[in-house]
Amino acid sequence: MMNSFAEDVHAGLSSDNKYLPSKYLYDANGSRIFQEIMNMPEYYLTDAEFEILSMQTKQIHNSLHFSEPFNIIELGAGDGFKTFKLLEYLVHNKVDFNYVPIDISKGAMDLLSKTLKKRLPGLKIKPKVGDYFEILKVNKESQYPSLLLFLGSNIGNYSKEKAISLLELFHRNMKSGDKLLIGFDLKKNPITIHKAYFDSYGITKRFNLNLLIRINRELEADFKIDDYDFYCHYNPITGQLKSYIVSLRAQTVNIKALNSAFHFGYNELIWTELSKKYDLYEIDQLAKETGFELNTNLLDCKHLFSDSLWEKK
Ligand code: TRP
């Protein structure tokens, strides 16, 4: 039996237009390189969303109109860095709520609980490890209103159809009156976007080529890393940014664990990531299409990013 990484690599590299699913970029090394991306001044997303979630905490709280206690459920909480200022504001203002961070990484959740218990001793935290839908089902039974957080332009990595089915799934697992705060990277000067994703330090290139190193290690392949490059392209009309690995020569790669060889043509592309940028009209349309009512868009001062507050009526 092949594991799902093996199956997904096999499917992606056998396709006419080769691709590799972006979730596999984040192994231990990939996650470290992604931290480097987030620390680049050109990668405006991190700072813009941090600004919203630290400067507009009162506004977020006031927009909820929740009775207390309520739940804040964060989907894919990671290191919890983005949410800290919001949690801190609520705790300092003696707001009664439970914080339920959810992540597939147990290590991340253990570390987050430990740090938050130290930094915010008044916080009621109930971390959950696992698939968010299993955990979200429980939300439907909760007697308290809930705010779901889906931050960090996560939604941008889904195609339109997949984004719609994901949001509908959130909707089905929410109670009437529950809210969703969802991050959208906004359409903007294409040069700004290009600089964030096609950095001159080569960090994003390293991040993408690390996936080939991972395949070499985990699936016993023989990718020669120097024979590949990185390319990305932003289309300002559709708002789609697409990232690729480029094969710099015609070459064949053996992947032992798949019992297969794959041919790469001269300059053939392997698509690794979609990162869709939205405008405020599209955000409104998406909310309507998936059954939500848009309460408010919270933007950073440069209007680079929106955390959009939606309500299930
Ligand atoms: N998925 C994130 C984003 O859309 C992370 C990311 C930044 C990324 N640069 C990338 C993923 C390049 C793949 C390729 O912003």
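Structure shown above.
Calculation rules
Residues numbered from 1 in each chain as written. Predicted model: local features only at pLDDT ≥ 70, side-chain atom pairs only at ≥ 80, totals over all residues. Heavy atoms only, no water. Helix = DSSP H or I, 4+ residues; strand = E, 2+ residues; numbered from the N terminus. Rg over C-alpha atoms; globule rule 2.2 N^0.38 Å. Contact = heavy atoms within 4.5 Å. Axes fitted to C-alpha atoms, helices over the stretch in contact; angles between N-to-C directions. Parallel < 35°, antiparallel > 145°, perpendicular 65-115°, else oblique. Near = heavy atom within 4 Å. Polar contact = N/O pair within 3.5 Å; in protein donor to acceptor, adjacent residues only side chain to side chain. Areas by Shrake-Rupley, 256 points an atom, 1.4 Å probe, with all protein chains shown as cover. Nonpolar A, V, L, I, M, F, W, Y, C, P; charged D, E, K, R; others polar. Buried < 20%, exposed > 50% of the residue type's maximum accessible area, 1.4 Å probe, protein only.

1. Some points on the overall build of the protein chain
- Helix and strand counts for the protein chain come out as 11 helices and 13 strands.
- For 313 residues, the compact-globule estimate of 2.2 N^0.38 gives 20 Å, and the C-alpha radius of gyration of the protein chain, at 21 Å, lies within 12% of that figure.
- With respect to the principal axes defined by its C-alpha atoms, the protein chain has extents near 60 × 45 × 35 Å.
- By sequence separation, contacts in the protein chain at least 24 residues apart represent 72% of the contacts at least 6 residues apart.

2. What to know about the packing of helix α2 (residues 28-39) against helix α10 (residues 203-219)
- Between α2 and α10, the least distance of the axes is 9 Å, while the angle of their chain directions is 180°. One element, α2, and the other, α10, form an angle in the roughly antiparallel class. Counting all contacts with α2, which are made through Asn29, Gly30, Ile33, Phe34, Glu36 and Ile37, the residues of α10 involved are Ile203, Thr204, Arg206, Phe207, Asn210 and Arg217.

3. Structural notes on the site of the ligand
- Around the ligand sit Leu25, Tyr26, Phe34, Tyr43, Asn157, Tyr197, Thr204, Phe207, Asn208, Ser243, Glu273 and Ser275, and that is every residue in its neighbourhood.
- At 2.5 Å, a side-chain N or O of tyrosine 43 approaches an oxygen atom of the ligand.
- Contacts to the ligand include glutamate 273, whose side-chain N or O atom sits 2.6 Å from a nitrogen atom.
- The fraction of the free accessible surface of the ligand (360 Å²) that becomes covered by protein chains is 97%.
- Those elements that place two or more of their residues in the shell around the ligand are α10 and β11 (269-276).
- For the shell around the ligand, the leading source of residues is α10, giving three residues.
- For the shell around the ligand, a count of residues per class yields six nonpolar, five polar and one charged.

4. Describing unusual backbone geometry
- With an omega of -5°, the peptide bond between glutamate 68 and proline 69 qualifies as cis.
- Its location among the elements puts proline 69 in the loop between α4 (57-64) and β1 (70-75).
- For serine 153, which is not glycine, the phi dihedral falls at a positive 60°.
- By the element assignment, serine 153 lies in the loop between β5 (146-150) and α8 (160-172).
- On the basis of relative accessible area, serine 153 is assigned to the buried category, the value being 4%.

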